[in-house]
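# Architecture and fold: a report
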Amino acid sequence: DSSSGLVAFTEALGLAGGAGADTMVTAGTITVDALSTLNASGGSTTIAGTASASGTSGAQTHAAGIDGGAGDDAIQNDADLDIDATSSLTMDGTSYGFAGTSDVGADLTATTAVDGILGGDGRDTIINGGNILIDAESVLRSVGGSDATFGGSSASTTSGGVSRAAGIAGGADDDVLVNEEGAGIDVRSGTTVTAASVAYTFGGGSGTDAFLTGAAA
C-alpha cells in the first residue's frame, strides 16, 4: 500500500503524552493555533497510482489542546484551552488529475480535525474542570477555470471541505469522561466550499463512490 500527492500538513499539540500510561495535570492557559494552506495557480498536477495506491492533495490540519496518545492515560485538566485550526485550499486556473487502477482512492480536500482533550487508544480517564474553546474551519476555493479529474474502477473519491471538532474525545477502548460543574465546552466547526467556473469529473465503474462535499461535525 502507498500514497502520493501534494499536501500541506500541520499538526499542533499543546501537551502530548505519547505512548504509555501517562498522567497529565494541567492548569493555567493552553493556546494552540494551527494553519495549513495550499495555493495552486496556473499549473497542472497529475497524481498516478497503482492497484493499491491512494492519491491525496490538499490542506490537512490536526490540532489538540491535550493529547494523551496510546496507553491508559489519566488526564486532569483545569486549564483553559483555546484551539484555532484552519485548512485552506485554493485552486486558481489549476488542473488536477488522479489516475490509477482498480483500488485507488483519491482526495482533493481541505480537512481539519480538532480535539480539545484527546485520550487516544487505551482505557483513559479524563476529567475536565477548565473551559474549552474550539474553532475549526476548512475552506476550499476553486476559481478561474480549474478542473479536477478522478478515475479508477472501484475508487472512492472525495473533493471539498471537511471539518471535525470535539471538546473531549476518549478514543478507542472503554473510557471515563467527566466534565465538571462549572467547566465549559464551546465547539465551532465550519466548512466553506466555493466553486466558480470549475469542472469536476468523477470516472469509475460500478463500485465507485464520488463526493463533492462540504461537511462539518
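The structure this text deals with has already been given above.
Figured I'd write up the structure that's included with this text.

Reading the values: the criteria
- Residues numbered from 1 in each chain as written.
- Predicted model: local features only at pLDDT ≥ 70, side-chain atom pairs only at ≥ 80, totals over all residues.
- Heavy atoms only, no water.
- Pairing = 2+ DSSP bridges.
- Helix = DSSP H or I, 4+ residues; strand = E, 2+ residues; numbered from the N terminus.
- Axes fitted to C-alpha atoms, helices over the stretch in contact; angles between N-to-C directions.
- Buried < 20%, exposed > 50% of the residue type's maximum accessible area, 1.4 Å probe, protein only.
- Core = buried A, V, L, I, M, F, W, Y, C linked by side-chain atoms within 4.5 Å.
- Contact = heavy atoms within 4.5 Å.

## Here's the deal with the sheet that holds strand 15 (residues 176-179)
With parallel pairing, four strands are arranged side by side in an open sheet as 3-7-11-15. On the outer flanks of this sheet lie strand 3 (23-26) and strand 15, each paired with one strand and no other. Taken pair by pair, the neighbouring strands of this sheet meet at an average axis angle of 0°, ignoring direction.

## A look at the pairing of strand 7 (residues 74-77)
Residues I75 and N77 of strand 7 are buried on one face, while the alternating residues A74 and Q76, pointing to the opposite face, are not. Both strand 3 and strand 7 contribute to a ladder of four bridges, which runs parallel. Across the sheet, the residue bridging to T26 is N77, located in strand 7. In this sheet, strand 11 (residues 125-128) lies alongside strand 7 in parallel orientation, the contact comprising four bridges. By the bridge assignment, A74 is partnered in strand 11 with T125.

## A short note on the nonpolar core
Membership of the largest hydrophobic core comes to 20 residues, with the highest contact counts inside it found for I66, L81, V114 and I117. Secondary-structure elements contributing two or more residues to this core are strand 4 (29-41), strand 6 (53-67), strand 8 (80-92), strand 10 (106-118), strand 12 (131-143) and strand 14 (156-169). In this structure, V114 is in contact with A63, I83, A85, I134, A136, R164, A165 and A166, ignoring residues within four places of it in sequence. Ranked by size, the runner-up nonpolar core spans seven residues in total, among them L38, L89, L108 and A110.

## A short note on the sheet that holds strand 16 (residues 184-195)
Strands sit in the order 4-8-12-16 across an open sheet of four strands; the sheet is parallel. The outermost strands of the open sheet, each flanked by one partner alone, are strand 4 and strand 16. Shown here is a sheet whose adjacent strand axes are inclined to one another by a mean of 0°, direction ignored. As paired strands, strand 4 and strand 8 are joined by 13 bridges and run parallel to one another. Residue pairing in the sheet places T37 in a bridge with S88 of strand 8.

## Points about the environment of A64
Relative to the helices and strands, A64 is located in strand 6. Note on A64: relative accessible area 0%, which makes it buried. Apart from residues no more than four positions distant in its own chain, A64 is found in contact with A12, L13, G14, V32, I83, D115 and G116.

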